[in-house]
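Understanding the architecture of this molecule
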Amino acid sequence: MRRKGIAVLAGALLITGAASSTKAVESEFHGQFRINYYSESQSEGADTAAARLRWRPTWDAKIDEDVKMHMQLNIGHIQGNQSNARYTPNPEDKTGDPAVAIRHALINFKVHELGGNIVAGLVPVSDKFGDTLFSSDWDFNPLALAYLGKIGDADIRLATAKLQEGDSTKYDDLDAHVLDVDVPVGAGSIGASGYHVVAAGVGKTDVIQNYVGIRASQDIGIAKVNGFILYNSGTNEATDKDNSGFAIKLEGIMPAGAAKVGVMFLTASGDKDGKDSFITPMSLIKHTGYWGYTGKLNIQGPTDTGIDTPVNIDGARYSSGSGGGMGMMTLQAKADFPITEKLSGYAAIGLFQHQDAPSGKEKNIGTDLYVQGKYNLGKNLNLEAGLDYAMLPKENDATGNNAKDNNVTLAFARLQLEY
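What this report covers is the structure whose coordinates are included nearby. (Residues numbered from 1 in each chain as written. Predicted model: local features only at pLDDT ≥ 70, side-chain atom pairs only at ≥ 80, totals over all residues. Heavy atoms only, no water.)

Looking now at the pattern of salt bridges. Applying the stated criterion across every chain yields a total of 9 salt bridges. R103 is the salt-bridge partner of D139, the closest N and O atoms lying 2.7 Å from each other. Placement of D139 in the loop between β5 (116-122) and β6 (143-151) and of R103 in strand β4 (residues 100-111) is noted, with a sequence separation of 36 residues between them. Using a relative accessible area of 40% as the deciding quantity, one classes D139 as partly exposed. Overall, R103 belongs to the buried group, its relative accessible area being 10%. Across the pair K249 and E251 runs a salt bridge whose closest N-O atoms are separated by 3.5 Å. (Salt bridge = Lys/Arg side-chain N within 4 Å of Asp/Glu carboxyl O. Helix = DSSP H or I, 4+ residues; strand = E, 2+ residues; numbered from the N terminus. Buried < 20%, exposed > 50% of the residue type's maximum accessible area, 1.4 Å probe, protein only.)

Structural data, given as structure tokens:
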């Protein structure tokens, strides 16, 4: 009994000590809760419909003025659509990501001698070129060490990061070394970056890619404009095959009465033989996606469901990676407009094509039309619903015959709380 009493007393002291030590810690619990529904109807192919849940609880803690911590969990998007979250979300074949996983986990601390902050852990890392190369939105959250600081007015980011998505012997390890410099100019900024990326291939051979680029953004009164120019060169040690290419983006967003209108041109060079090709880091790990204006070949919020088929700027298609290196050119336009005090509308169109394609394969990727409504149900709680119509070209099937053109209709609904 005496030992039990001592243990209880020790536990009480530990709890009291922990409580007293955390009184000085400022913390915030917030996140995102989402329920979405989607259906897909194709003129050629199977129809699909499903509903999913995703919750991203987030905790930020401020230890003192110099030390902070951040953590975000990802709960949901359960492939098997079971009534509870299981570690193997698909009960039929026991595959799939864990239903509960750490998405971000990092410490951020100031180093006065360096005049900046060090960030270490599972860090959300995005490029500075509109998330077209790699993006934390697309779960590029590697184990990373980064320095964030200033030299005069210039913002500096220097980072090294390692991403591993699965079997380390199968082309999904990726090391990234990042240097970004951005300087405010007028009502905008100019910047430059250099990225070095190494992806481990089968048998531990490497694919090495280097990127250098400049970017600028500016508010010119009638519109907010931004753009970039990127040069990429690399080699595949397994095939001893070199590649080089460029990417360009121009975008302008301007008011038109009560509406806001945007136009975007984005292109990356491509070559059916892979020589004059721009290659993205996401394609090296069979991962794709960037935020654009439309819903099938890009992603809008409610279309982030798993049946969208985004295309990387180097032409690589969702999950399969097919088409990578054939390049892409897209012209997109959008309009956001209020309808009532709580209801807003959105419409977009996008034209997509490869820069080059093998014989018998079309350059045309497709034309994408999207409309969406958003209704505010309460503070930070919104219901969004959209309809996307994608006109996709015929493609060669397994027998080498040409399939018919495939027109796809997607319907989406999303209930989302940001808190």
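Only a minority of non-glycine residues have a phi that is not negative, and only a minority of peptide bonds are not trans. Although it is not a glycine, D131 sits at a positive phi angle of roughly 60°. With respect to the helices and strands, the residue D131 is situated in the loop between β5 and β6. Accessibility expressed as a relative area gives 15% for D131, which makes it buried.

Within the secondary structure, D356 is located in the loop between β15 (343-353) and β16 (364-378). Buried and unpaired, D356 has K363 as its nearest opposite-charge partner, separated by 5.0 Å. In contact with D356, not counting residues within four places along its chain, are G270, D271, K272, M326 and K363. (Lys, Arg positive; Asp, Glu negative; His and termini not counted. Contact = heavy atoms within 4.5 Å.)

With respect to the element layout, N210 can be found in strand β10 (residues 206-219). Relative accessible area serves as the criterion here: at 30%, N210 is assigned to the partly exposed category. Residues N210 and H196 lie 14 residues apart in sequence; the distance between their C-alpha atoms is 4.7 Å. When residues no more than four places from it in sequence are discounted, the contact partners of N210 are Y195, H196, Y231, N232 and S233. Among the polar contacts listed, one links the side chain of N210 to the side chain of H196, at a separation of 2.5 Å. (Polar contact = N/O pair within 3.5 Å; in protein donor to acceptor, adjacent residues only side chain to side chain.)

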